[in-house]
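Fold and contact review
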Amino acid sequence: MEILVTSDTHGEISLVCDYIKNNKVDFLIHAGDYSKDALSISNLTGISYITVKGNNDYSDHTNSYEQIFPIGENSILLVHGHKENVHSSKKQLIQKAIAYDCNIVIFGHTHRYYNEYMENIGLHLINPGSPSLPRDNKPGFVILDVEDNINIERIDLT
């Protein structure tokens, strides 16, 4: 299963939609900040999605700040990250993942790509960065493939 993982789109979805239209993508995960963009992407491309709201999703009264859901053999914790203070530490993310028995955490908020596998606890921490407002000068998102193994590919839009 090919999953496009994005965050912090802030209303700019054209590059994400273009990628979906030209590549095999089965599902969309949006880690907040303009969570309504996930619905717009779905409407334009026909793919299903899951999203959470972020610190800039003031008018989102539908989605929650965190979601826990299974995909295949994996349990995923999806948060935006502002409530977990991801700018200063990943500690709260890790504690939540352990408490919820998740092996993948997807978060946003920093607008910076981050990918770490913590082998000692079997946990993947993934931040796809931002396709529209990157703070690391690297616009992009992630393709997550969970078919047999967990494979994470960064799609660089520069």
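Residues numbered from 1 in each chain as written. Predicted model: local features only at pLDDT ≥ 70, side-chain atom pairs only at ≥ 80, totals over all residues. Heavy atoms only, no water.

1. Quick notes on the layout of surface pockets
Over the atoms rolls a probe the size of a water molecule, and its path tells where empty space is left. By volume, the largest pocket amounts to about 200 Å³. In this structure, the largest pocket is lined by 14 residues; those nearest its centre are Ser-35, Lys-36, Asp-57, Ser-59 and Asp-60. Secondary-structure elements contributing two or more residues to the lining of the largest pocket are helix H2 (36-45) and strand E3 (48-51). Split by residue class, the lining of the largest pocket holds four nonpolar, seven polar and three charged. (1 Å grid on protein atoms, 1.4 Å probe; cavity = no way out; pocket = protein on both sides within 12 Å on 5 of 7 lines; lining within 4 Å. Points joined across faces, edges and corners; volume = space filled by probe spheres on them. Helix = DSSP H or I, 4+ residues; strand = E, 2+ residues; numbered from the N terminus. Nonpolar A, V, L, I, M, F, W, Y, C, P; charged D, E, K, R; others polar.)

2. Let's talk about the sheet that holds strand E8 (residues 123-128)
Judged by pairing direction, the sheet is mixed, and its five strands sit side by side in the order E4-E5-E6-E8-E7 without closing on themselves. In this open sheet, the two strands that pair with only one neighbour each are strand E4 (66-71) and strand E7 (113-118). On average, each strand axis in the sheet is tilted by 15° relative to the strand beside it, whichever way the strands run. Direction of pairing for strand E6 (residues 104-106) relative to E8: parallel, over a ladder of three bridges. If you follow Val-105 over to E8, its bridge partner there is Leu-125. Along the sheet, helix H3 (residues 91-99) contacts E4, strand E5 (74-79), E6, E7 and E8; its crossing angle with E5, the most-contacted strand, is approximately 140°. (Pairing = 2+ DSSP bridges. Axes fitted to C-alpha atoms, helices over the stretch in contact; angles between N-to-C directions. Contact = heavy atoms within 4.5 Å.)

3. Considerations on the sheet that holds E3
Within a sheet, each strand pairs with its neighbour through backbone hydrogen bonds, oriented either parallel or antiparallel. Pairing is mixed across the open sheet formed by five strands, whose spatial order is E3-E2-E1-E9-E10. Each edge of the sheet is formed by a strand with only one pairing partner; in this case those strands are E3 and strand E10 (151-156). Neighbour-to-neighbour, the strand axes of the sheet open up by a mean angle of 25°, direction not taken into account. Here four bridges tie strand E1 (residues 2-6) to strand E9 (residues 140-145), and the two strands are oriented antiparallel to one another. Each residue of the ladder has a partner; that of Val-5, found in E9, is Val-142. On the sheet, helix H1 (residues 14-22) packs against E1, E9 and E10 and is oriented at approximately 175° with respect to E1. Most of the contacts of H2 go to E3, to which it runs at about 175°, and overall it touches strand E2 (27-30) and E3.

4. Thoughts on H1
An α-helix turns once per 3.6 residues; consequently, residues spaced three or four apart project the same way. Taken as a whole, H1 has its buried residues at Val-16, Cys-17, Tyr-19 and Ile-20. One face of H1 carries all of its buried residues, which in axial projection span an arc of 160°. The exposed residues of H1 that point more than 90 degrees off its buried face are Lys-21 and Asn-22. Turning to H1, the residues buried within the fold contact E1, H2, E9 and E10. (Buried < 20%, exposed > 50% of the residue type's maximum accessible area, 1.4 Å probe, protein only. Arc of directions from axis to C-beta.)

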